[in-house]
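An overview of the molecular structure
The lines below spell out each chain.
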Amino acid sequence: SSGLFLRLLEAGILLAEAMILLACGAIAEALMGTGADLPNPLAVAATYVFLLVAADAVARPPVRRRRGAALRILAAVFVVALLLSGHILASAPALALWAVLAASAVSAWRWLALRLSQTMPRETWPARPVAFIGSSEAAARLLDELEADRRQHIQPVGFFDDRAVRRGPLHGDRKSVV
C-alpha cells in the first residue's frame, strides 16, 4: 500500500540518480574528448547508489531530500576515482567536469522530486507518528495547528504528562489520538 509506494518511489529516485551520473559522464567525455581517462561510469554510478543506501542518504519524499549527504557522497566517489585513476593530472579536468555536472543535476533532481511529491495528496504518504510531552493548552494548540496544516501528515500517538493530579485539555477521549 502506501509503504510499498514509498519504497518504489525511493527506488525510482535512486535509479534516476544513477542514470544522471551515467549521462553526465557521457557529456563530460564528449566535451573533453576521448583522450580523457575516465573511470567506468557504471562503477561510479553503482558505488554512488551503494553508498547512498549504506549511509541512509536516500531522498525520502515528501519531506526529506537529504541533498547535503548525497553531495558529500558524490564528492567522495569522485575524489576516490581521481586518486585511483593513476593519471591524476590527465584525469582531473574531465572528472571535475563530470562531478560538477553530476552534482548540479542530482541537486536539481532531488529538488524537483521533492516538489512533485509535495503536490500529491497527503493521504498518499504514511502518517508520521508524533508524541507530545505534556497535555497543556499549549500542547492542544500545537496539535490543532499541526492537524490544520495541509503539509503535515501526522498521527498523534500519545501525550505524556507526569502531572497525574492536574488533568490537561488533552486528557481523556480525543478523536485524533489513538
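The structure presented is a predicted model; accordingly, all values stated were derived computationally and were not measured. (Residues numbered from 1 in each chain as written. Predicted model: local features only at pLDDT ≥ 70, side-chain atom pairs only at ≥ 80, totals over all residues. Heavy atoms only, no water.)

A closer look at the packing of helix α2 (residues 41–54) against helix α4 (residues 88–118)
Put simply, α2 and α4 touch, their axes get as near as 14 Å, and they point 45° apart. The angle between α2 and α4 falls in the class oblique. Considering only the axes of α2 and α4, their crossing is right-handed. Of α4, the residues touching α2 (which contributes P41, V44, Y48 and L52) are W98, V106 and R110. (Axes fitted to C-alpha atoms, helices over the stretch in contact; angles between N-to-C directions. Helix = DSSP H or I, 4+ residues; strand = E, 2+ residues; numbered from the N terminus. Parallel < 35°, antiparallel > 145°, perpendicular 65-115°, else oblique. Left-handed = near helix turned anticlockwise from the far one by under 90°. Contact = heavy atoms within 4.5 Å.)

Brief notes about the environment of A103
Counting through the fold element by element, A103 comes out in helix α4. In this structure, the C-alpha to C-alpha distance between A103 and C24, residues 79 residues apart in sequence, is 9.4 Å.

With respect to the packing of α2 against helix α3 (residues 67–84)
Orientation of α2 relative to α3, taken along the N-to-C sense of each, is 140°, at an axis distance of 10 Å. When the axis of α2 is compared with that of α3, the two are oblique. At the point where α2 passes α3, the crossing takes the right-handed sense. Along the contact surface, α2 presents V44, T47, Y48, L51 and L52, while α3 presents A70, I73, L74, V77 and F78. Here the contact of α2 with α3 is built from residues that sort into 9 nonpolar, 1 polar and no charged. (Nonpolar A, V, L, I, M, F, W, Y, C, P; charged D, E, K, R; others polar.)

Looking at the pattern of salt bridges
Within this structure, the stated rule accounts for 2 salt bridges. R7 is the salt-bridge partner of E10, the closest N and O atoms lying 3.1 Å from each other. Of this pair, E10 and R7 are both found in helix α1 (residues 2–32), 3 residues apart, which corresponds to roughly one turn of the helix. We note a salt bridge from R110 to E17, for which the minimum N-O separation is 2.6 Å. Here the residue R110 occupies a position in helix α4, and E17 occupies one in helix α1, the gap between them amounting to 93 residues. Judged on exposure class, the residue R110 and its partner E17 are both buried. (Salt bridge = Lys/Arg side-chain N within 4 Å of Asp/Glu carboxyl O. Buried < 20%, exposed > 50% of the residue type's maximum accessible area, 1.4 Å probe, protein only.)

As for α2
Between the first and last C-alpha of α2 there are 20 Å, a value that for 14 residues agrees with the 20 Å anticipated at 1.5 Å per step. Taken as a whole, α2 has its buried residues at V44, A45, Y48 and L52. Seen along its axis, α2 keeps its buried residues to an arc of 95°; they face one direction. Pointing more than 90 degrees away from the buried face of α2 are the exposed residues L42, F50 and A54. Capping of α2 at its N-terminal end is provided by N40; its side-chain oxygen lies 2.9 Å from the backbone amide nitrogen of L42. D56 sits one or two positions beyond α2 and adopts a positive phi of about 55°. (Expected span 1.5 Å × (residues − 1). Arc of directions from axis to C-beta. Polar contact = N/O pair within 3.5 Å; in protein donor to acceptor, adjacent residues only side chain to side chain.)

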